[in-house]
Structures are given as structure tokens and as C-alpha cells.
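So the chains spell out like this:
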Amino acid sequence: MTLQAESSSLLRSRLAAGTAFFVQGLLFISLTTRLPQVQAKWSLDELAVSGLLLMVVLLAGVGSVVAEVVAARSSSAVVVRLGLVVATVGFAVLLVAPAFGVFVAGLAAYGLALGLVDASSNMQAVTVEHLYRRPILPSFHAFWTAGGILGTVVTLATSGVELGPALLPLLVLPVAALAAPYVRRDRVSETAATVDVPWRRIALLGVAMVLFYMVDTAATTWGPVYLDGTLDAPTGLTALATLPYLVATLLARAVGDRLVDRHGAVWLLRISGVVAALSLAVIVFAPTWVIAVVGFTVLGGAVATIAPLSFSAAGAIAGGEDASSVGERIDKIDQVVARFNQFNYVGALLGAVLTGAVGSDNLRLGFAVPMVLILGIIPLATQFAIIRRRGVPAGSS
């Protein structure tokens, strides 16, 4: 009975963390797939959109730092709920904004919440993975992708609906997610624990994170704009740059745990780098929007496991197994993951801001940047040998 109760508790914690990922994906993709509407409503060009995205990314970085501080003094469960509240308020404001300044304020609040939820949901996921004692991070990121797919489907189904109060029902899910049973420590420290982060090892994993988010943000942020402005896709179908990408990502993440168990992370990431570069080449040189959608689809499957495996490896390096208690292990994981999450926003800067800036006259040039840089995943793959496969010693590839 005790083992059954423990297993049930772990499953609830896993589903709770997955819920936070799902909501994050839903809100983020609901926003990015409507960027053409945002541009039209506020008369913005690509450089102006890049400026707004820069603001969001910088504030998300601030949110990630705040997440580390708050989690150290309470728990990542508190940070998740705080982030969901701020995200709900910010998203509501940007939807109903009567003036551009109000829209920017709502977007700023959402940017801060993006960092809070990003960091804390990954803290939760890495903690649950340590409790399971096997790689399961890809399945958590699959929840994010599933939320993104729902957001894309809603955008496609409401393509004729203007950005406004009619979209407020989307916010029912983040409110409901506040009640999820997130993981807490088994004790609360009087003072925040100090963790020496092994940055020399983590930095290389961070570069892989940067490369993933560079590609992912470029695809999800600029994909619809690329189909709309460069390839003249039908207005109601521009979100198709995102939907097949996310479906392929979901499928790859759904089988990612088993692929790592069977072949190891090193093999999987080397394949990812090659296929991702080729699919981006298809996007860059696509003669029609249909060919570009094929490229986005393959790209989603190629890069899907890079981010979750990066968090897995960072969690392994954190040395949680040496902690004297579960609570101490969670303390260490929370702090390391919050700091590691900062690499997310460096990648987002490259993907959202640099892609838009380089591609301000022609987005083909913007997508050529990640096409070249993603090849860096291939030499970095060896750093992921630390991820333990079932029945294989840590460090074996």
C-alpha cells in the first residue's frame, strides 16, 4: 500500500507539473500565432515587433531571476502559482487594451510571468524526474507542445475574430491550473541554501539550450509572419507554420524518453542537429508556402528533445543525488534550474529579435541565421552523456 500511495503521489506531481507546461504553451502560442493580427491592429512593422519581443525576453529573464529568489525562500510551487496569476492578468490586459500603451503594459506583465512559469515549471519537472530516477523530461515538454497545439487550433478556428475580449475564455485554464498539486519540499529552510553552480560544465549545455530556443522561437514567432508576408499564404492559414511544427514536436517528445533509454542522448542530439539544419534549408529556399510548412514540420520533430534533455543534464550535474534529504535535493535543483533557465532567453533573443532584425527586409535571411547555427548541436552532443539510461551507467553513451 505504501508503494502504491507513493506511486500515486508521484503521478499527481508529474501531472501537476505537466499542467503548468500545458498552460505556458497555450498562452505563448496563442500570442505568437496572432502576431499578424497584432501588427495589423497597432500598425507595426517587423522591427517594431522585434522591439516588443525584446522587451518580453528581457522581462522573462527578470522573471526567471525572481523565480530563483522566491523558490529559495518558499518553493517552486509558490512561484508557479504566482507566475500563473501574473500571466492571466497580463494576457487579459493585452487582449482588452484600448490603447497601445495599455497593450504594452499587459505584454510586459506577461513577459515577467513567462520567466516565472518557465523557471518554476522546469524546477518542478527536474525534481519529479529525480524522484522517478529515470529520464522523463521530454514528456513534460510534450505537455507544453500540447498546449501550444491547442492554442494554434483555437487561432485557426477563430481566424476571423479580432484580438479582444472574445478571446478571454482562454484564461480559464491558467486559473484552473492554480489548484494543481505541485511538488513541495519535505522541509522549509530558515535561510536560503547556497549552491555552487558548476558553470564550466553547465555552460556547454546552456549553449545547446540557446541553439534550441533560437530555432524554436524563430519558428513559432516568425513562422506565421513568414508565411503571410513572404510566401503569400492565405490569411486564415498562416498559423499552419506553427501547427504542424508543434504536432511533430509533440510526437517526438512523446517517444523521446524511450529513444533516450534505447539509444542515448548523444546519438539522438547528433541526428537532431543534421535534420534541423536540412529542414531550415527547406524553409529558407521554399518556393511556396506549402513547401515551407513541410520544412517547419520536419524541424519540429528534429529539435523537440534538445531543451528537455538540456534540463535533464543540468539537473544531473547539480548533484542532487548527493543531498542528505529530498528537501535539500529540491533546494539544489531549484536554484540550478532557475539559473540554467537564463540560457532560454539568450536563445529567444537570437530567435525572436535577431531573426526579425536580420530579416526585416526579407525573412528568408532571418531564417538563414538558425539554419547555420543549429549545426553547433552536433559537437555539443557529447556533453549529454551524463544523462542516465535505464540499465546503463551514467556517463555512458
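All figures in this text were calculated on a predicted structure; none of them were measured in a lab. (Residues numbered from 1 in each chain as written. Predicted model: local features only at pLDDT ≥ 70, side-chain atom pairs only at ≥ 80, totals over all residues. Heavy atoms only, no water.)

**Digging into helix 5 (residues 100–132)**
To keep it simple, the criterion reads: Secondary structure elements are defined from DSSP: runs of H or I of at least 4 residues count as helices, runs of E of at least 2 residues count as strands, and each element is numbered from the N terminus. The span expected for a helix works out to 1.5 Å for each residue beyond the first. Note on exposure labels: buried denotes an accessible area under 20% of the residue type's maximum, exposed denotes more than 50%, and partly exposed covers the range between, all computed with a 1.4 Å probe on protein chains only.
Helix length check: helix 5 (33 residues) gives 47 Å between terminal C-alpha atoms against 48 Å at 1.5 Å per residue, within 8%. The element helix 5 is largely enclosed, with a buried count of 24 among its 33 residues. A positive backbone phi angle near 60° is found at Arg133, which sits one or two residues after helix 5.

**Considering the environment of Pro138**
Rule in force here: Whether two residues touch is decided by their heavy atoms; if any such pair falls within 4.5 Å, the residues are in contact.
Structurally, Pro138 can be placed in helix 6 (residues 137–157). The buried category is assigned to Pro138, whose relative accessible area is 1%. Separated by 166 residues in the primary sequence, Pro138 and Ala304 place their C-alpha atoms 8.1 Å from one another. Leave out the neighbours within four places in its chain, and Pro138 touches Arg253, Gly256, Asp257, Pro308 and Leu309.

**So, the packing of helix 10 (residues 265–284) against helix 11 (residues 289–303)**
Operational definition: Throughout, an axis means a line fitted to C-alpha atoms (over the contacting stretch in the case of helices), and angles, computed between N-to-C directions, take values from 0 to 180 degrees. Any angle that falls under 35 degrees is termed roughly parallel, while one over 145 is termed roughly antiparallel, one within 65 to 115 roughly perpendicular, and all others oblique. Left-handed describes a crossing whose near helix is turned anticlockwise from the far helix through less than a right angle; right-handed describes the clockwise counterpart.
One can describe the packing of helix 10 onto helix 11 by two numbers: an axis separation of 8 Å at closest approach and a directional angle of 165°. Looking at the two axes, helix 10 sits roughly antiparallel to helix 11. Helix 10 and helix 11 meet at a crossing whose hand is left-handed. Only Ile291, Ala292, Gly295, Phe296, Val298, Leu299, Ala302 and Val303 of helix 11 make contact with helix 10, whose side of the interface consists of Ser272, Val275, Ala276, Ser279, Leu280, Val282 and Ile283.

**Description of the side chain of His141**
As for its placement among the helices and strands, His141 is situated in helix 6. Take His141: its relative accessible area is 3%, and that puts it in the buried class. Contact partners of His141, with chain neighbours within four places excluded, come to Phe21, Asn122, Tyr213, Arg253, Ala307, Pro308 and Phe311.

**Describing the packing of helix 5 against helix 12 (residues 306–317)**
When two helices pack together, their arrangement is given by the angle between the helix axes and the distance between those axes. Threshold: Under this grouping Gly is polar, as are all residues other than the nonpolar Ala, Val, Leu, Ile, Met, Phe, Trp, Tyr, Cys and Pro and the charged Asp, Glu, Lys and Arg.
Interhelical geometry of helix 5 versus helix 12 gives an angle of 65° and a closest axis separation of 10 Å. The element helix 5 and its partner helix 12 pack so that their crossing is right-handed. Contacts between helix 5 and helix 12 involve Asn122, Val126, Glu129 and His130 from the first element and Phe311, Ser312, Gly315 and Ala316 from the second. Broken down by class, the residue content of the contact of helix 5 with helix 12 amounts to 3 nonpolar, 4 polar and 1 charged.

**Quick notes on the confidence of the model for the chain**
Put simply, the rule reads: A score from 0 to 100, pLDDT tells how confident the predictor is in each residue.
Within the chain, residue pLDDT values average 85, and 89% of them lie at 70 or more. For residues 186–192, every residue scores under 50 in pLDDT, and the model assigns this stretch 10 contacts once sequence neighbours within four places are set aside. Residue range residues 391–397 is modelled with pLDDT below 50. Its contacts to residues more than four positions away, or to other chains, number 10 contacts.

**Details of the pattern of salt bridges**
Stated precisely, the cut-off is as follows: Criterion for a salt bridge: a side-chain nitrogen of Lys or Arg within 4 Å of a carboxyl oxygen of Asp or Glu.
Here the structure, examined in full by the defined rule, presents 1 salt bridge. Where Asp257 meets Arg14, a salt bridge forms, and the shortest distance between an N and an O atom there is 3.9 Å. Note that Asp257 is positioned in helix 9 (residues 243–263) and Arg14 in helix 1 (residues 2–32), a separation of 243 residues in sequence. Across the pair, exposure class does not vary: Asp257 and Arg14 are buried alike.

**Points about the packing of aromatic side chains**
Selection rule: We call Phe, Tyr and Trp rings a pair once their centres come within 6.5 Å, taking the six-membered ring for Trp, and we label the pair stacked below 30 degrees between planes, edge-to-face above 60, and tilted otherwise. Two thresholds decide whether a charge sits over a ring: the Lys NZ or Arg CZ must be within 6 Å of the ring centre and within 35 degrees of the ring normal.
All told, the structure shown has 11 aromatic pairs when counted by the stated rule. Where Trp42 meets Phe103, the ring centres are 5.7 Å apart and the plane angle is 40°; that geometry is what we call tilted. Here Trp42, found in helix 2 (residues 35–42), pairs with Phe103, found in helix 5; they are 61 residues apart in sequence, far enough to count as distant. You'll find Trp42 and Phe103 in the same group, each marked buried. Taken together, a centroid distance of 5.4 Å and an interplanar angle of 80° make the contact between Phe311 and Phe340 edge-to-face. Within this pair, whereas Phe311 is found in helix 12, its partner Phe340 is found in helix 13 (residues 326–340), the two being separated by 29 residues in sequence. The residues Phe311 and Phe340 share a single accessibility class, namely buried. Cluster of aromatic residues (ring-pair linked, three or more members): Trp42, Phe100 and Phe103. We note Arg14 situated over the ring of Tyr132; from NZ or CZ to the ring centre the distance is 5.1 Å.

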